[in-house]
Amino acid sequence: MIGALYAGLSGLKNHQTKINVIGHNLSNINTIGFKKSRVVFREAFSQTLKAAVAAQGDRGGVNPQSVGTGSQIGSIDVLQRNGSAMTTDMPTDLMFRGKGHFVLEVPAGGTKAQEESSRSIKASSIRAFTRNGNFGIDQSGDLVYRPNGYKVLGWQADPVTGVVNTANPDAISSVSFPFMRSISRKTSFVQFASNLDARAGAVEVVSDGGTGLMSSVTPAKDGGNLRPGSHKVRVERAEGADAFTASLDGGESLSIVDSTVTFSDADGRQLVTLKFGDEIKAGTASLEYISKFHKTEIGIFDGLGQRHDAEITFTKEAVQTDGTVNPAGTWRWNIEDAHITDAKIVTNDDDKVRTGLIQFNNQTASFSTADPAIAYINVQPVDPEGNETGAGELAVKLDFANLTQFADGHDAIAQRQDGVGPGNLVSFSISATGLIDGIFSNGVNKAIAQLAAADIPNAEGLTILSDTMVTTSPSSGAPAFVTAGTRNMGEITAGALEMSNVDLTEEFTDLITTERGFQANARVITTSDNILTEAMGLKR
């Protein structure tokens with residue numbers, strides 16, 4: 001009877017433990033990231049009363065006879081199945097969809113409560129892990145775990161390039177948002193687009209005005225520059241003669257000789273030659289001169305975020321200064337120091353130029369070739385006195401491939417360049433892999449950091465701490481720090497939290513069966529006590 005008493009007692013103790021676990025599960029039914037536990041019983045050791053006997057001859061074997069001594073706790077398992085998602089729309093609220101834990105840094109000091117809660121961690125590790133993605137940003141810009149202020153760990157991006165190097169797991173550190181730091185990006189290339197007029201340098205007859213002016217008009221070739229745009233040619237009959245004179249834009253009237261008249265500027269340089277037909281009449285003709293020059297501005301940013309405005313000039317060039325004849329459709333681009341603000345063009349070796357040629361296909365009007373083939377300008381920022389500012393020399397690639405040469409007016413512009421001035425972080429997003437992408441006021445999108453995900457071989461073997469945190473144990477194995485969505489890791493959802501995986505119906509069912517088990521073991525004790533009482537009454 002004494003053995004039955006202790007067997008019943010072991011059952012009572014074990015069911016008390018199970019009730020405690022169920023109560024803990026139910027009390028955390030709304031705890032973010034909580035994982036329920038279960039109690040599994042096992043049979044305690046047994047006392048063998050009679051050993052087994054093997055079969056011999058015509059006699060069969062005899063089974064052993066043993067009496068158990070009750071039950072024991074076999075295991076208390078933490079079930080790692082996922083909880084449901086709770087949408088919060090908070091950008092720093094995160095949850096894993098699948099395997100993975102967020103990594104936290106346990107501080108060396110802190111409040112007494114923090115020291116007590118992390119005491120067991122500090123004995124073996126400086127990192128803790130959690131499924132609770134209830135994160136926020138503190139006054140220093142660090143991403144922290146809201147329940148206790150521990151910092152969330154990951155890989156910080158290079159502040160200049162935005163590249164995140166996740167190759168070294170030991171390089172994880174606190175994730176920081178650069179709210180108090182401006183960023184800029186220096187210009188490395190400029191892309192030009194739109195059109196350079198194929199008629200550049202030509203004079204077109206818009207209307208002959210009945211004067212007999214022919215459409216073939218010869219522009220200047222000896223250095224004179226006709227003003228681009230519209231011009232009026234007034235043709236009048238000379239007094240007392242069967243001859244005609246012409247004037248350009250109200251200027252001096254010149255005689256038309258052999259159906260030809262040439263206008264020059266004040267310095268005697270030829271501007272344009274007009275050709276008339278056999279029948280000349282008085283009237284006013286309209287001309288249009290399409291300039292052989294086109295200018296546009298480029299905004300270039302140096303390493304300090306300062307903008308330098310440079311004017312680039314495109315000139316349709318038939319003959320180079322050394323007498324070399326260019327193919328039709330050739331243009332020269334050029335940038336002068338006088339046309340760039342707070343900077344100068346560096347040309348101290350053969351690879352550094354301020355001018356070059358571009359050639360168009362005269363059949364398709366598309367860009368064909370350039371000389372140099374890959375054009376760079378080297379810009380050195382300077383102060384008003386002409387001294388270098390320390391911002392460093394910029395090598396800016398000029399891309400002309402999107403230019404065209406149609407007979408349709410000049411509108412070529414610097415369509416795109418990759419530099420930006422200073423800007424501050426105004427927003428961010430967190431991807432499924434845990435990459436934090438910053439959005440800055442200057443329009444730049446740049447990676448800020450990459451959250452680390454802990455890949456733990458045996459998550460059920462983790463040691464449970466307070467604040468819904470866990471740490472490693474000899475049974476869990478050492479964690480590997482990887483990115484979410486790689487290997488067998490789950491992905492991260494931003495703007496949501498993982499709810500507890502406690503199932504209310506399961507817990508209530510376990511509560512009923514545990515209560516009945518406790519009652520049954522109590523009956524074993526009371527029944528054994530009654531039998532002992534009867535046995536004591538045999539002697540009166």
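Summary of the structure given here. Note that the coordinates shown come from a computational prediction; the quantities given were computed from them, not determined experimentally. (Residues numbered from 1 in each chain as written. Predicted model: local features only at pLDDT ≥ 70, side-chain atom pairs only at ≥ 80, totals over all residues. Heavy atoms only, no water.)

1. Brief notes about the pattern of salt bridges
Stage number 1. Taken as a whole and assessed by the stated rule, the structure comprises 21 salt bridges.
Stage number 2. Note that R269 and D265 form a salt bridge whose closest N and O atoms lie 3.0 Å from each other.
Stage number 3. The partner of D309 in a salt bridge is R307, and the shortest N-O contact between them spans 2.6 Å.
Stage number 4. Given the relative accessible area of 43%, R307 is considered partly exposed.
Stage number 5. Via salt bridges that share partners, K36, R81, E506 and E507 belong to a single interconnected network. (Salt bridge = Lys/Arg side-chain N within 4 Å of Asp/Glu carboxyl O. Buried < 20%, exposed > 50% of the residue type's maximum accessible area, 1.4 Å probe, protein only.)

2. With respect to helix α4 (residues 504–536)
Stage number 1. Compared with an ideal rise of 1.5 Å per residue, which puts 33 residues at 48 Å, α4 spans 48 Å between its outermost C-alpha atoms and is within 8% of the ideal.
Stage number 2. Structurally, α4 contributes buried residues whose contacts are with α1 (2–27). (Helix = DSSP H or I, 4+ residues; strand = E, 2+ residues; numbered from the N terminus. Expected span 1.5 Å × (residues − 1). Contact = heavy atoms within 4.5 Å.)

3. Describing the pairing of strand β17 (residues 229–237)
The two faces of a sheet get side chains in turn, since along a regular strand they alternate between them.
Stage number 1. As defined by bridge partners, β17 adjoins strand β22 (residues 283–289) across seven bridges and the pair is classed as antiparallel. By the bridge assignment for β22, G229 is matched with Y289.
Stage number 2. Across five bridges, β17 lies against strand β18 (residues 244–248) in antiparallel orientation. The residue of β18 that forms the bridge with V233 is L248. (Pairing = 2+ DSSP bridges.)

4. Things to note about the environment of A391
Stage number 1. Within the secondary structure, A391 is located in the loop between β29 (375–381) and β30 (394–404).
Stage number 2. Look at A391 and you get buried, because its relative accessible area is 17%.
Stage number 3. With near-sequence residues (within four places) excluded, A391 lies in contact with D302, G303, L304 and P381.

5. Section: unusual backbone geometry
Negative phi characterises most residues that are not glycine, and trans characterises most peptide bonds.
Stage number 1. A cis amide bond links D371 with the next residue in sequence, P372, at an omega value of 5 degrees.
Stage number 2. Along the chain, P372 turns up in the loop between β28 (367–371) and β29.
Stage number 3. Positive phi values are uncommon outside glycine, yet D89 reaches one of about 65 degrees.
Stage number 4. Position of D89 relative to the elements: it lies in the loop between β5 (85–87) and β6 (93–97).
Stage number 5. On the basis of relative accessibility, which here comes to 66%, the residue D89 falls in the exposed class.
Stage number 6. If you check the backbone angles, S194 has positive phi at about 80 degrees while not being a glycine.
Stage number 7. With respect to the helices, strands and loops of the structure, S194 is situated in strand β14 (residues 189–195).

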